[in-house]
Every structure is written in structure tokens, then in C-alpha cells.
Amino acid sequence: TQLLEQSPQFLSIQEGENLTVYCNSSSVFSSLQWYRQEPGEGPVLLVTVVTGGEVKKLKRLTFQFGDARKDSSLHITAAQPGDTGLYLCAGAKYGGSQGNLIFGKGTKLSVKP
Amino acid sequence: DARVTQTPRHKVTEMGQEVTMRCQPILGHNTVFWYRQTMMQGLELLAYFRNRAPLDDSGMPKDRFSAEMPDATLATLKIQPSEPRDSAVYFCASGPLSYGGQPQHFGDGTRLSIL
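Reading guide: rules and limits
Residues numbered from 1 in each chain as written. Chains lettered and ligands numbered in written order. Predicted model: local features only at pLDDT ≥ 70, side-chain atom pairs only at ≥ 80, totals over all residues. Heavy atoms only, no water. Pairing = 2+ DSSP bridges. Helix = DSSP H or I, 4+ residues; strand = E, 2+ residues; numbered from the N terminus. Axes fitted to C-alpha atoms, helices over the stretch in contact; angles between N-to-C directions. Contact = heavy atoms within 4.5 Å. Buried area = accessible area lost by both parts, 1.4 Å probe. Salt bridge = Lys/Arg side-chain N within 4 Å of Asp/Glu carboxyl O. Polar contact = N/O pair within 3.5 Å; in protein donor to acceptor, adjacent residues only side chain to side chain. Nonpolar A, V, L, I, M, F, W, Y, C, P; charged D, E, K, R; others polar. Buried < 20%, exposed > 50% of the residue type's maximum accessible area, 1.4 Å probe, protein only. Lys, Arg positive; Asp, Glu negative; His and termini not counted.

Engineer: Account for the sheet that holds strand 8 (residues 74-79) of chain B, naming residues and giving values.
Structural biologist: All names here are of chain B. Taken in spatial order, the four strands of this open sheet run 1-3-8-7, and their pairing is antiparallel. Each edge of the sheet is formed by a strand with only one pairing partner; in this case those strands are strand 1 (5-7) and strand 7 (65-71). With strand direction ignored, the average angle separating the axes of adjacent strands in the sheet is 20°. Relative to strand 8, strand 7 is paired through five bridges, and the arrangement is antiparallel. Within strand 8, the position partnered with alanine 67 by the bridge is leucine 77.

Engineer: Could you give an account of the interface of chain B and chain A, with specific residues and numbers?
Structural biologist: Often, the extent of an interface is quoted as the loss of accessible area on bringing the components together. With 24 residues of chain B at the interface, the matching set in chain A holds 19 residues. For the pair chain B and chain A, the summed buried surface comes to about 1700 Å²; carbon and sulfur atoms form 49% of the total. Taken together, the links from chain B to chain A amount to zero salt bridges. If you look at where chain B meets chain A, you find five residue pairs in polar contact (both at pLDDT 80 or more). For the side of chain B that touches chain A, the secondary-structure elements that each account for two or more residues are strand 4 (31-38), strand 5 (42-50) and strand 6 (53-56) of chain B. Classifying every residue of the side of chain B that touches chain A gives 11 nonpolar, nine polar and four charged.

Engineer: Describe the environment of Asn30(B), and please don't skip the residues or the numbers.
Structural biologist: Residue and element names in this part refer to chain B. Within the fold, asparagine 30 resides in the loop between strand 3 (19-24) and strand 4. With 65 residues separating them along the chain, asparagine 30 and glycine 95 place their C-alpha atoms 6.5 Å apart. Polar side-chain contacts of asparagine 30 include one of 3.0 Å to the side chain of threonine 31.

Engineer: Kindly report on the side chain of Asp56(B), identifying the contributing residues and their values.
Structural biologist: Residue and element names in this part refer to chain B. One can find aspartate 56 in strand 6. No salt bridge forms around the buried aspartate 56; measuring N to O, its nearest opposite-charge neighbour lysine 62 is 6.7 Å away. Among the polar contacts made by the side chain of aspartate 56, one reaches the side chain of serine 58 at a distance of 2.7 Å.

Engineer: Help me get a handle on the sheet that holds strand 6 (residues 55-58) of chain A, residues and values and all.
Structural biologist: Backbone-to-backbone hydrogen bonds pair the strands of a sheet. The strands run either parallel or antiparallel. All names here are of chain A. The strand order across the open sheet built from five strands is 1-3-8-7-6, with neighbouring strands paired in antiparallel fashion. One side of each edge strand has no neighbouring strand; the edge strands of this open sheet are strand 1 (5-7) and strand 6. Each strand axis lies, on average, 15° off the axis of its neighbour in the sheet, ignoring direction. Sheet topology note: the strand 6/strand 7 (residues 61-65) ladder contains four bridges and is antiparallel. Across the sheet, the residue bridging to lysine 56 is phenylalanine 63, located in strand 7.

Engineer: Just give me the short version of the pairing of strand 9 (residues 88-95) of chain B, but keep the residues and values in it.
Structural biologist: Residue and element names in this part refer to chain B. The buried fraction of strand 9 is high, at eight of eight residues. The alternating pattern of strand 9 places Ala88, Tyr90, Cys92 and Ser94 on one face and Val89, Phe91, Ala93 and Gly95 on the opposite face, and all of these are buried. Relative to strand 9, strand 4 is paired through seven bridges, and the arrangement is antiparallel. What sits directly across from valine 32, in strand 9, is serine 94. The pairing of strand 9 with strand 10 (residues 105-106) spans two bridges and is classified as antiparallel. Of the residues in strand 10, the one forming a bridge with serine 94 is histidine 105.

Engineer: Pulling in residues and values, what's your account of the pattern of salt bridges?
Structural biologist: Side chains carrying opposite charge are able to pair once their charged atoms draw close together. Under the counting rule described, the total for this entry stands at eight salt bridges over all chains. One salt bridge in this structure joins Asp83(A) and Arg60(A), with 2.9 Å as the shortest N-O distance. Of this pair, Asp83(A) sits in the loop between strand 8 (71-76) and strand 9 (85-93) while Arg60(A) sits in the loop between strand 6 and strand 7, placing them 23 residues apart in sequence. Exposure remark for Asp83(A): the relative accessible area of 4% places this residue in the buried category. Here Arg60(A) falls in the partly exposed class, since its relative accessible area comes to 25%. Across the pair Arg64(B) and Glu83(B) runs a salt bridge whose closest N-O atoms are separated by 3.5 Å. Of this pair, Arg64(B) sits in the loop between strand 6 and strand 7 while Glu83(B) is found in the loop between strand 8 and strand 9, placing the two residues 19 residues apart along the sequence. Connected through shared salt-bridge partners, Arg64(B), Glu83(B), Arg85(B) and Asp86(B) make up one network.

As C-alpha cells, this is what we get:
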């Protein structure tokens, strides 16, 4: 069962464009994390959102947690080639085994110069 | 910065052979996770440990996979016998606390190819 759906699966854009990727579920999460993974490396944590409706900014990246804590979005402003990578969302379920995260399959972003 | 270290980085072997992957978690982290990543399935949790005790290994094929933590600085994942469908990138991750939703720190993975 795929609890976290990410869209789009693939995104190819030109440098300077804006983009939004989505992470959706029918389940409620106590918190949600976003990771970026570059080729040949492991995922690296970007941000954790905890409160429904929370918005966090990390330079040109804006993360939002849905009011109902079932979905999240990542918006990148003026994308740069260095933003290229696989973006993964991961949710922690209420009542789930401690420490266990559910990962989406990711959005593969390519930013062309 | 402290990092999770995985060895080997790449492994190519023939089906039927035993494969052992090793992970050194970040010092002081008490939770260790093993994941498998493929294009089709994404990141799948195989097993995880807290304070070296296995908490959940329901994602792991029990007949051929085994995971252990002989001590706090070493986690191992073994496949015996290996099969071509086991080809994937295997990641180890560790976390500092055992509450739900803790950030996980990943190693750079072992890329496994079973011929």
C-alpha cells in the first residue's frame, strides 16, 4: 500500500523557473519530512514540518504542511541547476512504530541551465 | 560532520552467493534503519533497530535476509542466497532518538548487482 503519493514523478524545467511538487495521502501524519537525494548519495534532510498549516522557508524553498496534516507541498522559486535531484517526502504516522517513517517514491527534478 | 558509513559502496556477484553489507551509524545514535531503493518501489524499509534490538523486520524476506547489530558501532545486512531480484541500492540510516518522526541520517548506500 502506497501511503504517500508524490507528484509529478518527473519534472524537467529551465533555470529560473518556479515549480511546486506535491505529497498527498489519505492518512494523517504527526509530522512530515522532505529529503533531497543526489545521484550516488543517500537522502539528505531538508526540513521537518510538524504543525498543520505550517509554512517553512529555506532560502528559495518553501514547504507547507496541510491543515489536516495529510499533505504537503514544496515550492522552489527561480530554480537553479544545483536544485536537481530526487525530492522525497516522508511521514511519521500517529501510533506507528517509534522512529518509523513512510516514504513517497519521490519527484525527480532536472533543472537545465 | 558525522556521517553514516556504508561498505562496500558497490558489489557485483553471482546469484546464490552470500552478500554482507555493513553500516557504521553515527556515534550516539540509538536507532538504525535498513532500506532498499529501486526505481519501481522507491525506498522500502527492510528492518530497524533501537538500542541494538530489532524492532521491526516485517519488510524483509525472512528466508534469505537477516539483519543484526553485533555492537553499537556496526549493523549488518546479509542476503543468502542472493537472487537477481535483490539488485538494488541498500541504504542504512541512523537517528538520535527513538520518538516517531525523528530525522534520519543516511549513508551513501551499497549498490548491489546480482548476476
